[in-house]
Amino acid sequence: MTSSVVEATQKDPLALEIAAAIALANPEAVARGKAPQEMRISVVKDLFEGKELWAVHYGPRNYVRTRGGSLTVYVDVDAGTVVKVLHEQ
């Protein structure tokens, strides 16, 4: 990553919040048998139980005709915590 990209990221609050969400979710995914570098990852800000949280979804890269194997980790970036983990089938 070039230094200009790092500098732009450090100046962008949304980019920092997304990075924090992934940094919180990745160890949880690894603990549950998912290798983030091998997964298709999507990040969505979502309303969960009345609070805005980041939902980090880990799914198989080859998802066509694939069932199961997905994991969604809900994180509260402000509190620095994992709130809920959903295994999907």
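Residues numbered from 1 in each chain as written. Predicted model: local features only at pLDDT ≥ 70, side-chain atom pairs only at ≥ 80, totals over all residues. Heavy atoms only, no water.

As for the confidence of the model for the protein chain
Right, on to step 1. For the protein chain, the mean per-residue pLDDT works out to 89, and 90% of the residues sit at or above 70.
Right, on to step 2. Per-element mean pLDDT across the protein chain ranges from 88 in helix α1 (residues 3-10) up to 96 in helix α2 (residues 13-31). (pLDDT = per-residue confidence, 0-100. Helix = DSSP H or I, 4+ residues; strand = E, 2+ residues; numbered from the N terminus.)

Some points on α2
An α-helical turn contains 3.6 residues, so any two residues separated by three or four positions project in the same direction.
Right, on to step 1. For α2, with 19 residues, the first-to-last C-alpha span of 28 Å sits near the 27 Å given by 1.5 Å per residue.
Right, on to step 2. Along α2, the sharpest change in direction is near 25 degrees and occurs at A25; proline P27 comes one to four residues later.
Right, on to step 3. Turning to α2, its buried residues number three or more, namely A21, A25 and A29.
Right, on to step 4. Looking at the buried positions of α2, the neighbouring elements they touch are β2 (51-60) and β3 (70-76).
Right, on to step 5. The N-cap residue of α2 is D12: its side-chain oxygen and the backbone nitrogen of L14 are 3.0 Å apart. (Expected span 1.5 Å × (residues − 1). Bend = angle between axes of the 7 residues up to and from the residue. Buried < 20%, exposed > 50% of the residue type's maximum accessible area, 1.4 Å probe, protein only. Contact = heavy atoms within 4.5 Å. Polar contact = N/O pair within 3.5 Å; in protein donor to acceptor, adjacent residues only side chain to side chain.)

Quick look at the nonpolar core
Right, on to step 1. A21, A25, A29, M39, W54, V56, Y58, L71, V73, V75 and V85 together form the largest nonpolar core, which totals eleven residues.
Right, on to step 2. When residues of this core are traced back to their parent elements, those giving at least two are α2, β2 and β3.
Right, on to step 3. Ignoring anything within four residues of it in the chain, the contact list for M39 reads K34, Y58, G59, P60, R61 and G69. (Core = buried A, V, L, I, M, F, W, Y, C linked by side-chain atoms within 4.5 Å.)

Describing the pattern of salt bridges
Right, on to step 1. Counting across every chain of the model gives four salt bridges.
Right, on to step 2. Taking the shortest distance from any N to any O, the salt bridge between K45 and E17 comes out at 3.4 Å. You can see K45 sitting in strand β1 (residues 39-48) and its partner E17 sitting in helix α2, a full 28 residues away along the chain.
Right, on to step 3. Among the residues examined, E17 registers a relative accessible area of 23% and is labelled partly exposed. (Salt bridge = Lys/Arg side-chain N within 4 Å of Asp/Glu carboxyl O.)

Remarks on the sheet that holds β3
Hydrogen bonds along the backbone pair up the strands of a sheet, which may run parallel or antiparallel.
Right, on to step 1. If you trace the four strands from one edge of the open sheet to the other, you get β1-β2-β3-β4, paired in antiparallel fashion. The open sheet is flanked by β1 and β4 (81-88), the only strands paired with a single partner. The average angle at which neighbouring strand axes cross in this sheet is 20 degrees, direction not considered.
Right, on to step 2. Looking at chain direction, β2 and β3 are connected through five bridges and run antiparallel. Residue pairing for β3: W54 is matched across the bridge by V75. (Pairing = 2+ DSSP bridges. Axes fitted to C-alpha atoms, helices over the stretch in contact; angles between N-to-C directions.)

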